[in-house]
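Report on the structure
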Amino acid sequence: MTFSLLPTYDDPRTAELVGRLRDYLDGELADYESERGITPATRLTRADLEPVWRRSRELGFYGIHLPEEYGGQNLTYTQLAALKEEVGASGRVLSHCVLGDMGGPLRAGDILKHATEDQLKTYLLPLIRGERACCFSLTETDAGSDVRSMRTVAVRDDERDGYRLTGHKVFSSAGPFADFAIVVARMAGTGEEEGDKPLFSAFLVDLDSPGCRVEDGATPMSGEHIESDIVLDDCFVPAANLLGREGKGMRIALGRVTANRLLHCPTVLGATRRAVRLTLERTRTRKVAGGQPLLMMQAIQHKVADMATEFYAARSMTYAALAALDEGREVRAEALMCKLFVAESAFRILDEAVQIHGKEGLTQGNEIEYLFRKIRMFRVLTGTSEIQRNGIAKLLAFDH
Ligand SMILES: Cc1cc2nc3c(=O)[nH]c(=O)nc-3n(C[C@H](O)[C@H](O)[C@H](O)COP(=O)(O)OP(=O)(O)OC[C@H]3O[C@@H](n4cnc5c(N)ncnc54)[C@H](O)[C@@H]3O)c2cc1C
């Protein structure tokens with residue numbers, strides 16, 4: 001893999017898809033956002049998102065990674081990553097709607113293969129068609145990295161053939177636009193005594209069910225309004241909405257952890273690529289001492305050289321791990337390493353980008369200022385850097 005801020009692909013299918021996706025993101029989607037005055041801080045509504053889901057579906061991008069029987073194009077991980085990178089590099093606010101990250105098929109992850117016929121018909125196929133949307137509700141105020149300490153509990157209700165769920169989930173991304181949530185809860189009667197292992201189940205919960213409330217969630221530092229709290233108060237969920245087997249919910253919800261972990265990286269790589277490009281442009285046009293462009297200063301040259309080098313390293317290792325995954329090889333350690341290195345290097349790159357932009361980089365409304373805040377979150381999201389390090393060290397200790 002060679003270094004580029006506008007990558008080309010040898011694989012003709014990837015090249016064609018990336019080309020079409022760039023045209024859509026820079027053309028139609030850019031126009032749609034500017035007509036509606038959409039910025040990262042806009043309080044988006046379902047009415048803003050639905051037309052993008054539908055159009056992206058028409059163009060074949062929404063759920064494109066899925067098997068053909070579900071209307072997808074059965075992409076490899078590497079091909080999907082190339083598209084995710086473009087989404088991240090586009091700078092479009094609604095780019096998360098294009099492949100189905102925001103409440104769509106990518107958010108539902110791997111649960112398709114655990115779904116019953118009825119669950120497919122009622123929940124997942126409409127989700128793939130962009131008619132329904134979901135959020136994923138695992139985290140609680142006191143259960144983040146240590147998610148097994150969650151308090152949300154499911155009590156069996158044999159009389160009505162279902163479960164009663166009580167608990168309070170926070171940071172359910174896409175909650176404001178979702179029809180249903182994938183909720184993980186501890187089975188009542190398990191994990192209550194010292195040494196007793198808790199068992200978790202995963203449920204499809206209609207967000208308009210009696211006993212379920214969707215509340216405005218916290219606003220993260222990115223300033224986006226896409227989070228909800230899901231409050232469950234003795235909420236009845238029919239047994240037909242249990243995903244997979246009772247007690248196997250954590251495994252189902254986290255799905256293919258390794259693949260998911262790796263697939264979070266390309267979007268961040270894309271945003272980082274954009275930041276490097278914007279910074280290079282700035283160094284060419286910004287004049288300082290004696291009317292020289294910033295890029296003529298050796299201190300600045302070293303900074304942009306380091307930024308580009310770190311980006312190349314992060315991108316190379318991510319695509320190397322994805323290629324190995326596509327070959328069916330075990331890449332547990334590599335996925336943890338990629339998530340760690342992509343997050344940490346992106347943070348360093350964005351910090352330098354802000355520095356080089358001077359006051360512009362500190363000004364709200366400037367894209368670099370937004371990207372800095374957005375990318376900073378990745379060191380915590382989807383598994384913190386410390387948790388990745390724990391995992392790498394454990395594998396080194398026991399497997400090598
Ligand atoms: C914008 C945003 C969107 C999110 N979207 C979702 C979503 O859609 N669905 C969902 O369920 N959750 C979501 N989350 C929650 C996210 O997954 C958690 O924030 C994350 O898992 C970390 O948990 P925590 O924030 O509670 O941190 P904590 O677990 O409290 O960790 C705090 C610090 O302690 C460190 N730490 C914790 N345990 C260890 C350990 N064993 N060893 C070393 N260090 C440790 C961590 O690395 C971290 O630095 C979202 C969060 C944000 C901010």
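As a reminder, the structure under discussion sits directly above these lines.
Residues numbered from 1 in each chain as written. Predicted model: local features only at pLDDT ≥ 70, side-chain atom pairs only at ≥ 80, totals over all residues. Heavy atoms only, no water.

1. Things to note about the nonpolar core
Core analysis: the biggest nonpolar cluster contains 72 residues, and Leu49, Phe61, Leu83, Leu94, Phe177 and Leu262 have the highest contact counts within it. Ranked by size, the runner-up nonpolar core spans 26 residues in total, among them Leu66, Cys134, Ala143 and Phe180. (Core = buried A, V, L, I, M, F, W, Y, C linked by side-chain atoms within 4.5 Å. Buried < 20%, exposed > 50% of the residue type's maximum accessible area, 1.4 Å probe, protein only.)

2. Let's talk about empty space enclosed by the protein
Applying the stated criterion across every chain yields a total of 1 cavity of 30 Å³ or more. The calculated volume of the largest cavity comes to roughly 40 Å³. Together, Leu66, Pro105, Ala108, Gly109, Leu112, Leu124, Leu127 and Ile128 line the largest cavity. Elements supplying a minimum of two residues to the lining of the largest cavity: helix 5 (105-108) and helix 6 (117-128). (1 Å grid on protein atoms, 1.4 Å probe; cavity = no way out; pocket = protein on both sides within 12 Å on 5 of 7 lines; lining within 4 Å. Points joined across faces, edges and corners; volume = space filled by probe spheres on them. Helix = DSSP H or I, 4+ residues; strand = E, 2+ residues; numbered from the N terminus.)

3. Quick look at the packing of aromatic side chains
For the coordinates displayed, the defined rule picks out 6 aromatic pairs. Here the aromatic rings of phenylalanine 3 and tyrosine 312 are separated by 6.2 Å at their centres, their planes lie at 85°, and the arrangement is edge-to-face. Note that phenylalanine 3 is positioned in the segment before helix 1 (12-26) and tyrosine 312 in helix 10 (residues 298-326), a separation of 309 residues in sequence. Consider the rings of tyrosine 123 and phenylalanine 180, whose centres lie 4.9 Å apart with planes at 70°: the pair is edge-to-face. With tyrosine 123 in helix 6 and phenylalanine 180 in strand 4 (residues 180-187), the pair connects residues that are 57 residues apart, well separated along the chain. (Phe/Tyr/Trp six-rings, centres within 6.5 Å; stacked < 30°, edge-to-face > 60°.)

4. Topic: the side chain of asparagine 366
Relative to the helices and strands, asparagine 366 resides in the loop between helix 11 (332-357) and helix 12 (367-376). Among the polar contacts made by the side chain of asparagine 366, one reaches the main-chain carbonyl oxygen of glutamate 360 at a distance of 3.2 Å. (Polar contact = N/O pair within 3.5 Å; in protein donor to acceptor, adjacent residues only side chain to side chain.)

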